[in-house]
Amino acid sequence: MKDTAKHQGLRNQLAAVLEQKGITNKNVLEAIKKIPRHLFLNSGFEDYAYQDKAFPIGAGQTISQPYTVAFQSQLLEVKKDHKILEIGTGSGYQTAVLCAMGAKVYSVERQNELFKQTTVLLPKLGIRPKHLSFGDGYKGLPNHAPFDSIIVTAGAPMIPKPLMAQLKVGGRLVIPLGEEQQIMTLLIRKNETQFEKHEFGEFRFVPLLENKN
Ligand code: SAH
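Residues numbered from 1 in each chain as written. Predicted model: local features only at pLDDT ≥ 70, side-chain atom pairs only at ≥ 80, totals over all residues. Heavy atoms only, no water.

- The protein chain is annotated in an unreviewed UniProt entry as Protein-L-isoaspartate O-methyltransferase from Flavobacterium pallidum.
- Heading Sequence similarities (unreviewed entry) of the UniProt record for the protein chain holds this comment: "Belongs to the methyltransferase superfamily. L-isoaspartyl/D-aspartyl protein methyltransferase family."
- The UniProt entry for the protein chain carries this comment under Function (unreviewed entry): "Catalyzes the methyl esterification of L-isoaspartyl residues in peptides and proteins that result from spontaneous decomposition of normal L-aspartyl and L-asparaginyl residues. It plays a role in the repair and/or degradation of damaged proteins." (UniProt positions renumbered as here; feature names shortened; annotations may be inferred.)

With respect to the site of the ligand
So, step 1. Close to the ligand lie 27 residues; Ser 91, Glu 109, Asp 136, Gly 137 and Leu 209 are nearest.
So, step 2. Ser 91 places a polar side-chain atom, nitrogen or oxygen, 2.6 Å from an oxygen atom of the ligand.
So, step 3. Within the backbone of Leu 209, a nitrogen or oxygen atom sits 2.5 Å from a nitrogen atom of the ligand.
So, step 4. Protein contact buries 99% of the 580 Å² of open area that the ligand shows by itself.
So, step 5. Secondary-structure elements contributing two or more residues to the shell around the ligand are strand S2 (61-63), strand S3 (83-87), helix H4 (93-100) and strand S4 (104-109). (Near = heavy atom within 4 Å. Polar contact = N/O pair within 3.5 Å; in protein donor to acceptor, adjacent residues only side chain to side chain. Areas by Shrake-Rupley, 256 points an atom, 1.4 Å probe, with all protein chains shown as cover. Helix = DSSP H or I, 4+ residues; strand = E, 2+ residues; numbered from the N terminus.)

Structural notes on the packing of helix H1 (residues 5-20) against helix H2 (residues 26-34)
So, step 1. Running from N to C, H1 and H2 cross one another at 150°; their axes reach a closest spacing of 8 Å. Our classification of the angle between H1 and H2 gives roughly antiparallel. Handedness of the crossing formed by H1 with H2: right-handed. Packed against H1, whose contacting residues are Gln 8, Arg 11, Asn 12, Leu 14, Ala 15, Leu 18 and Glu 19, the element H2 presents Lys 26, Leu 29, Ile 32, Lys 33 and Lys 34 at the interface.
So, step 2. For the contact of H1 with H2, the residue count by class is 5 nonpolar, 2 polar and 5 charged. (Axes fitted to C-alpha atoms, helices over the stretch in contact; angles between N-to-C directions. Parallel < 35°, antiparallel > 145°, perpendicular 65-115°, else oblique. Left-handed = near helix turned anticlockwise from the far one by under 90°. Contact = heavy atoms within 4.5 Å. Nonpolar A, V, L, I, M, F, W, Y, C, P; charged D, E, K, R; others polar.)

Digging into H4
So, step 1. Counting buried positions along H4 yields 7 of 8 residues, so the element is predominantly enclosed.
So, step 2. Along H4, the positions that sit buried rather than exposed are Tyr 93, Gln 94, Thr 95, Ala 96, Val 97, Leu 98 and Cys 99.
So, step 3. Following H4 by one or two positions, Gly 102 adopts a phi angle in the positive range, close to 95°. (Buried < 20%, exposed > 50% of the residue type's maximum accessible area, 1.4 Å probe, protein only.)

Quick notes on the UniProt feature "active site" (unreviewed entry) in the protein chain
So, step 1. Within this structure's numbering, the places UniProt gives as "active site" (unreviewed entry) are Ser 64.
So, step 2. Sequence-distant contacts of Ser 64, that is, excluding residues within four places in its chain, are made with Arg 37, Lys 53, Ala 54, Val 69 and Phe 205.

Looking at the pairing of strand S6 (residues 147-152)
So, step 1. The buried fraction of S6 amounts to 6 of the 6 residues, a majority that puts the element mostly inside the structure.
So, step 2. Examined bridge by bridge, S3 and S6 share 4 bridges and lie parallel to one another. Among the inter-strand pairings, Ile 84 is bridged to a residue of S6, identified as Ser 149.
So, step 3. In this sheet, strand S7 (residues 167-177) lies alongside S6 in parallel orientation, the contact comprising 4 bridges. By the bridge assignment, Ile 150 is partnered in S7 with Leu 173. (Pairing = 2+ DSSP bridges.)

Description of the environment of Tyr 93
So, step 1. Within the secondary structure, Tyr 93 sits in helix H4.
So, step 2. Tyr 93 gets classed as buried once you look at its relative accessible area, which sits at 1%.
So, step 3. Taking C-alpha positions, Tyr 93 is 18 Å from Pro 207, a pair spaced 114 residues apart along the chain.
So, step 4. Ignoring any residue separated from it by four or fewer positions in sequence, one finds Tyr 93 in contact with Ile 32, Ile 35, Arg 37, Phe 40, Ile 63 and Val 69.

Encoded structure:
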């Protein structure tokens, strides 16, 4: 599959839609304009790739809706060279958006099939996360901690303690919390023991599951 001027036009339109829906961070919108979302989907979805919708990506998982990707990315307040841990690599689209924003991304995926796919796809597209790993994101990546921020892209029944422990003081943890529906939740680490919590309305994610598959 190729990336054409037509795709670029559709991406520009998508960024405009996200801006209308309330995304204000210019770096997020630029990253959405830059990353060829159609290349993260099966070719059958090519015509739909720039609609603001989630789609299946195999292994019973989905690529998040662009609005959700943009909303979470905005909450992270990404700065260049920030070290970010992502739980749930999935298609690699969110990973790519964070890389385009200049972050050093460490991402974990529990579905081996998806892990293998993104390990091949991302470098092919010239996108180089710092580290992709196959494992259980509930545990975080203790060997690479601490992180400037952490993003969880699956619905979590509770906040995994290891993720809180692996966040720098001043760092931001963005996690959708809940079973059927999730409340987008932001934790800001104030000091060694205190976290400030903010909530941002309802979203719908596939579940964060334990162990590898
Ligand atoms: N960021 C992805 C979203 C994929 S959906 C994208 O843009 O495409 C969420 C992903 O989280 C799925 O791929 C699922 O397999 C993964 N996941 C679920 N539980 C996990 C866990 N405990 N550790 C790591 N990944 C997990």
